[in-house]
Amino acid sequence: MSKQSSAVLHVSEEQLVTMRIHNQLLGIPVWEAREILREQKITKIPLVASEIAGALNLRGRIVTVIDIRHRLQLPPRDPSVPCIFVVMEHKGELYSLIVDSVGDVLTIPSTSIQNAPPNLAPNWRDISAGVHRLEKELLIILDPRPLFTFGVESD
Amino acid sequence: MLSHLRIIHKLAISTLAFMGCIFALIYFYADSIGSNIEFAEKELQGNEYQSALMPLLYDISKLQTQHLQSTDTKELIGKIELHFARLQSTQSKLGESLQFTEQGLASRSRSQLKLESILAKWKSLQKTTEEKYSDQADAAYKSLTADIRGMVAHAGDTSNLILDPDLDSYYLMDVTLIALPQTIDRLGQITSSISSKTILEGDQKTEAAVQARMLKEADFDRIKGDFDTSFKEDPNFNGLSPSLKANLDTPIKNFNAAYGQLIDQMNALAKSGSTDDITKATATISTAQESANKMYEVTVKELDVLLQKRIETYSGQKHKVLAACGGGLLLSILFFIVVVRDITKPLKNIQSTMSILTGGNIKCVIPHTDRKDEVGDMASSLAIFQKSLIESEELKSQQEADKNKAEQEKKRQLAKFADDFESSVKGVVSQVASSAMQMQAGAEGVTQIAADTKHRSTAIVNISTEAAQISSQVAAAAEELTASIKEISAQTQKSSQVAEEASSKAESAKQAIELLSEKSSRVSEIIEVITGIAGQINLLALNATIESARAGDAGKGFAVVASEVKNLATQVSKATGEITQQINEMQGATKTSVDSVMEILGIIGQVSGSTSAVAAAVEEQSAVTNEIAQNISRTATGTQEISHNMVSVQDGAQQTGDTANEVLETAKNLSIQSNTLKQKVDEFLATIRSA
């Protein structure tokens, strides 16, 4: 019963967790997000793709931490500024994106999601599931799955 | 099409089809028995027909003898006429059936045997009897006899007598149909060849010997053999006929005696050829003819008896077959009913059991599982089906239980999350409350210190005023300097003491202000902690929002509370921002106070220096009396400045006190807000736990 009504909910509106990287507003569907963490101590892993910042232990589970700035060809982040970890689950594995900050959970009608504009840079377009126009800025809806395929195009 | 029929109808159809085949077989069997009966009936007809011919043969042969002997033939002719009349009636009765028709006779090349032409032959022969026996008459007798024998043969052929299937009647048939007509014919020929002669010579003797031999071998032995075989075989075909041997015994004995005698006489005649022997033989021929005729009559009757008996046997067989068929029909109907009941009733039971099963009562007892037939198999399969149904039901309830368990687990996790949330948020809230309390206490301390500072400043002002008065007294006393140096010295000492006191008071004011500065920076630290906690609450609220969104409908209430918690965190952040601003302002004011006090201290140092100079001047009284007045006025000016500066110290302390009051108010506000936060968290937890 609850399954049915939530399906209806998905059809009519979309809940997005908003976050910022390099002052760009991004959003991921709320069911993709698993947990938001403050900056955590991460362990570097040798000999991995450069976008993997390391790993952290979340209550006994290993979380692979991904710095998407590298992927999006943004300047590396300032380590002195505190950051936020957005934990997601993909194929049973936990992954965390490093973002500058998180905002609210935003509820928008599904119909307002548009395709990514063609002038968007290809590395942005690859991970974009669409855009939503807010009053003052553009919210890029993130499709996190391509982020979890490492090494293929890293170099 | 068969699938539309019920089993009972299918069984009925197959049974009917099977029974139909059986009936067809029985019909053909009964039909073949019937055709056997028809066969025998036809034989009876043949027998009847030939029994009408035989007297003719006999009497015509007799007539020939009488004609030869020239005795009166009228009586015999009348008898023969009667025989012909009987033959005609027999012909009209059986002629059609036995094919004594033009076509039937022609098909066997016996067209000359038509009754009309035989009657015509008889009429012409009748005429010859009125004359003396001639060769022409002899030929006429021979022809008529041959024709009648042909008719006998035709009746035998068309009536199936010749094909008689039973050995007893077959041999009787052989006697009546072939052997007796042949011997009567032969006796007639012998009569015609010897009775007109007085003696026999040469070839005639030989012929007599041949006739004797033929009588013995072709007629007597044959008839004897026929009867022997017939009697011997009689019990093997349709049972022993009681009348057969009994009735034939006498005629056969007579026949045997007559023929034995005739053969002996013929043999004797063949040797002697004497007239005496001819007479004897002629007489015996007549006896033999009679005995043959008698035997013929009896044999025909017995043949009838045998044929009737055969017909009875076949009819009995036919009735038995029909009775057996009826019995079989009844039995098969009974068996059909039993079988149908045995199949349909258990099937119906199983069908109703299936209905009960599909109706949901899966624990019902399945009947007929002990049966060894297909119904039993079906029942066993149904039992297996029932077993799997029960198992699947159990599995279903197991899954239900698992599902409930999982839901309970989910609830338990939610409750645990609420507990965790409570312990962390409540800890934070109480920390905020205690921090607010601490801050309140700190602010109160600052206020006290500020009041203290003000109080001490007032004291300094008073002392400064006093110092001014003393200076004027010194000025007054300067004129009386010479008079009272001791007094000046004392006054100077006193002035030095007051300056020291002022210095120490200013020092303590400085310390109090520094304490205030320290306290306010401690407040800043607390505010930083509160800001950090507000950030954590914000993240916690965000996670709660995500969790509630993932929980779907169940998390909707949770989401509302989470957003309220987030709002509170935002408010806390705003309040701490305001506090920080206030603290900064207070710190600025404190710094001003410290600067002022430092200036006071410097001036007090100067006062001390001036006082020392006064003391030195007292020692050089006379030399520097003029300068005293100047110094005094300078002292007065300094004191006035102290007084003036002390007022600004007082102002600073007042400002500090005001700021501290504001801090106190904000801290109280924070305390109230933290109480509200605690209340909201409790509500939130109550919502989660009740979810």
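Residues numbered from 1 in each chain as written. Chains lettered and ligands numbered in written order. Predicted model: local features only at pLDDT ≥ 70, side-chain atom pairs only at ≥ 80, totals over all residues.

Colleague: What exactly am I supposed to notice about the overall build of chain B here?
Modeller: Along chain B, the regular secondary structure elements total 13 helices and zero strands. Helices and strands appear in chain B in the N-to-C order α-α-α-α-α-α-α-α-α-α-α-α-α. Relative to its 691 residues, chain B shows a buried fraction of 34%. A sequence separation of at least 24 residues applies to 82% of the contacts in chain B between residues at least 6 apart. (Helix = DSSP H or I, 4+ residues; strand = E, 2+ residues; numbered from the N terminus. Buried ≥ 20, exposed ≤ 12 C-beta atoms within 10 Å, placed from the backbone. Contact = placed C-beta atoms within 7 Å.)

Colleague: Sorry, what's going on with the overall build of chain A here?
Modeller: Across its full length, chain A holds three helices and 10 strands. Seen in sequence order, chain A has helices and strands lined up from the N terminus as α-β-β-β-β-β-α-β-β-β-α-β-β. Taken across its 155 residues, chain A has 22% of its residues classed as buried. The contacts of chain A with a sequence gap of at least 6 include a subset with a gap of at least 24, amounting to 52%.

Colleague: So what exactly am I meant to see when it comes to the sheet that holds strand S4 (residues 52-58) of chain A here?
Modeller: The strands making up a sheet associate through backbone hydrogen bonding, with each pair oriented either parallel or antiparallel. All names here are of chain A. Taken in spatial order, the five strands make up an open sheet running S3-S6-S7-S5-S4, and their pairing is mixed. Each edge of the open sheet carries a strand with a single partner, namely strand S3 (33-38) and S4. Taken over all neighbouring pairs, the strand axes of this sheet differ in orientation by 30° on average, direction set aside. As paired elements, S3 and strand S6 (residues 84-90) share five bridges and run antiparallel to each other. Paired with Glu35 across the two strands is Val87, which belongs to S6. (Pairing = 2+ DSSP bridges. Axes fitted to C-alpha atoms, helices over the stretch in contact; angles between N-to-C directions.)

Colleague: What is the right way to look at the nonpolar core in this model?
Modeller: For soluble globular proteins, the rule of thumb is that nonpolar side chains tend to be buried together. The biggest cluster of nonpolar side chains holds 92 residues, and the ones touching the most others in it are A:Val17, A:Val86 and B:Ile537. Residue contacts for A:Val86: discarding those within four places in its chain leaves A:Met19, A:Ala33, A:Ile36, A:Ser96, A:Leu97, A:Val99 and A:Val102. Membership of the second largest hydrophobic core comes to 72 residues, among which are B:Leu113, B:Phe255, B:Ile278 and B:Met295. (Core = buried A, V, L, I, M, F, W, Y, C linked by C-beta atoms within 7 Å.)

Colleague: How should helix H9 (residues 275-358) of chain B be read in this particular structure?
Modeller: Three or four residues apart is the spacing at which side chains of an α-helix point the same way, because the helix has 3.6 residues per turn. Here H9(B) contains 84 residues, and its C-alpha end-to-end distance of 119 Å stays within 8% of the 124 Å for a straight helix at 1.5 Å per residue. One or two steps after H9(B), the chain reaches B:Gly360, where phi turns positive at roughly 115°. (Expected span 1.5 Å × (residues − 1).)

Colleague: What's the story with the pairing of strand S1 (residues 13-21) of chain A in this structure? I'm lost.
Modeller: On any regular strand, side chains alternate: one points to one face of the sheet, the next to the other face. All names here are of chain A. Pairing of S1 with strand S8 (residues 101-109), which is carried by seven bridges, proceeds in the antiparallel orientation. For Met19, the partnering residue across the bridge sits in S8 and is Val102. Joining the antiparallel neighbours S1 and strand S2 (residues 24-29) is a turn of two residues, in which His22 adopts a positive phi near 50°.

Colleague: What am I meant to see in the sheet that holds S1(A) here?
Modeller: Residues and elements named next belong to chain A. Read across the open sheet, the five strands follow the order S8-S1-S2-S10-S9; overall the sheet is mixed. A strand with exactly one partner marks an edge of an open sheet, and here the two such strands are S8 and strand S9 (128-133). For this sheet, the mean inter-axis angle between neighbouring strands, taken without regard to orientation, is 30°.

Colleague: How should I be thinking about the packing of helix H2 (residues 74-94) of chain B against helix H4 (residues 115-128) of chain B in this particular structure?
Modeller: Helix packing for two helices is described by the angle between their axes and how far apart those axes are. Residues and elements named next belong to chain B. Running from N to C, H2 and H4 cross one another at 175°; their axes reach a closest spacing of 12 Å. As far as their axial angle goes, H4 and H2 are roughly antiparallel. For the pair formed by H2 and H4, the contact residues are Ile77, Phe84, Gln88 and Gln91 on the first element and Leu115, Leu119, Trp122 and Gln126 on the second. (Parallel < 35°, antiparallel > 145°, perpendicular 65-115°, else oblique.)

Colleague: Just checking my understanding: could you explain the confidence of the model for chain B for this structure?
Modeller: Note: predicted coordinates in regions of low pLDDT should not be interpreted at a detailed level. Residues and elements named next belong to chain B. When the pLDDT values of chain B are averaged, the result is 84; 95% of them are 70 or greater. Across chain B, the secondary-structure element scoring lowest on mean pLDDT is helix H13 (residues 625-690), at 79, and the one scoring highest is H2, at 90. Predicted complex metrics record ipTM = 0.79 and pTM = 0.44. (pLDDT = per-residue confidence, 0-100.)

Colleague: It is not clear to me how unusual backbone geometry should be interpreted in this structure. Could you clarify?
Modeller: Excluding glycine, residues mostly carry a negative phi; peptide bonds, for their part, are mostly trans. Residues and elements named next belong to chain A. Positive phi is not limited to glycine here, since Arg59 has a value of about 45°. Here Arg59 falls in the exposed class, since 6 other C-beta atoms lie within 10 Å of it. One non-glycine residue, Gln73, lies in the positive phi region at around 55°.

Colleague: Explain the environment of B:Leu677 to me, please; I cannot follow it from the model alone.
Modeller: All names here are of chain B. Residue position: Leu677 is located in helix H13. Residue classification places Leu677 among the buried positions, given that 23 C-beta atoms sit within 10 Å. Taking C-alpha positions, Leu677 is 9.8 Å from Val432, a pair spaced 245 residues apart along the chain. The residues contacting Leu677, other than those within four sequence positions of it, are Val429 and Leu568.

Colleague: Just to check I follow, could you spell out the interface of chain A and chain B for this structure?
Modeller: Often, the extent of an interface is quoted as the loss of accessible area upon association of its parts. Contacts between the two partners involve 13 residues from chain A and, on the opposite side, 10 residues from chain B. Looking at the side of chain A that touches chain B, the elements with two or more residues in it are helix H1 (2-12), S1, S3 and S8 of chain A. A class-by-class count of the residues in the side of chain A that touches chain B yields seven nonpolar, four polar and two charged. (Nonpolar A, V, L, I, M, F, W, Y, C, P; charged D, E, K, R; others polar.)

Colleague: I tried to follow the pairing of S2(A) on my own but got confused; where do I start?
Modeller: Residue and element names in this part refer to chain A. The pairing of S1 with S2 spans six bridges and is antiparallel. Its bridge partner lying in S2, Arg20 is registered against Leu25. Alignment of S2 against strand S10 (residues 138-142), held across two bridges, turns out to be parallel. Within the sheet, the bridge partner assigned to Leu26 lies in S10 and is Ile140.

Colleague: What should I look at first to understand the packing of helix H1 (residues 7-69) of chain B against helix H5 (residues 135-158) of chain B in this one?
Modeller: Residues and elements named next belong to chain B. At a minimum axis separation of 9 Å, H1 and H5 run at an interaxial angle of 165°. In terms of orientation, H1 and H5 fall into the roughly antiparallel class. H1 and H5 meet at a crossing whose hand is left-handed. Facing Gly46, Tyr49, Gln50, Leu53, Leu56, Leu57, Ile60, Ser61, Gln64 and His67 of H1, the residues of H5 in contact are Ala137, Tyr141, Leu144, Thr145, Ile148, Arg149, Met151, Val152, Ala155 and Gly156. Considered class by class, the residues forming the contact of H1 with H5 number 12 nonpolar, seven polar and one charged. (Left-handed = near helix turned anticlockwise from the far one by under 90°.)

Colleague: How do you make sense of helix H6 (residues 167-194) of chain B when you look at a structure like this?
Modeller: All names here are of chain B. With 28 residues, H6 should reach 40 Å at 1.5 Å per residue; the first-to-last C-alpha distance of 38 Å fits that figure. Along its length, H6 shows its largest kink, about 35°, at Ala179, and proline Pro181 lies within four residues downstream of that point. The buried fraction of H6 is high, at 20 of 28 residues. (Bend = angle between axes of the 7 residues up to and from the residue.)

Colleague: Explain the confidence of the model for chain A to me, please; I cannot follow it from the model alone.
Modeller: For chain A, the mean per-residue pLDDT works out to 83, and 89% of the residues sit at or above 70. Per-element confidence in chain A ranges from a low mean pLDDT of 47 for H1(A) to a high of 92 for strand S5 (residues 61-66) of chain A.

Colleague: It is not clear to me how the environment of B:Ser648 should be interpreted in this structure. Could you clarify?
Modeller: All names here are of chain B. Relative to the helices and strands, Ser648 resides in helix H13. Judged by local crowding, Ser648 falls into the partly exposed class, with 16 C-beta atoms found within 10 Å. Measuring from C-alpha to C-alpha, the distance between Ser648 and Ser593 comes to 8.5 Å, with 55 residues separating the pair along the chain.

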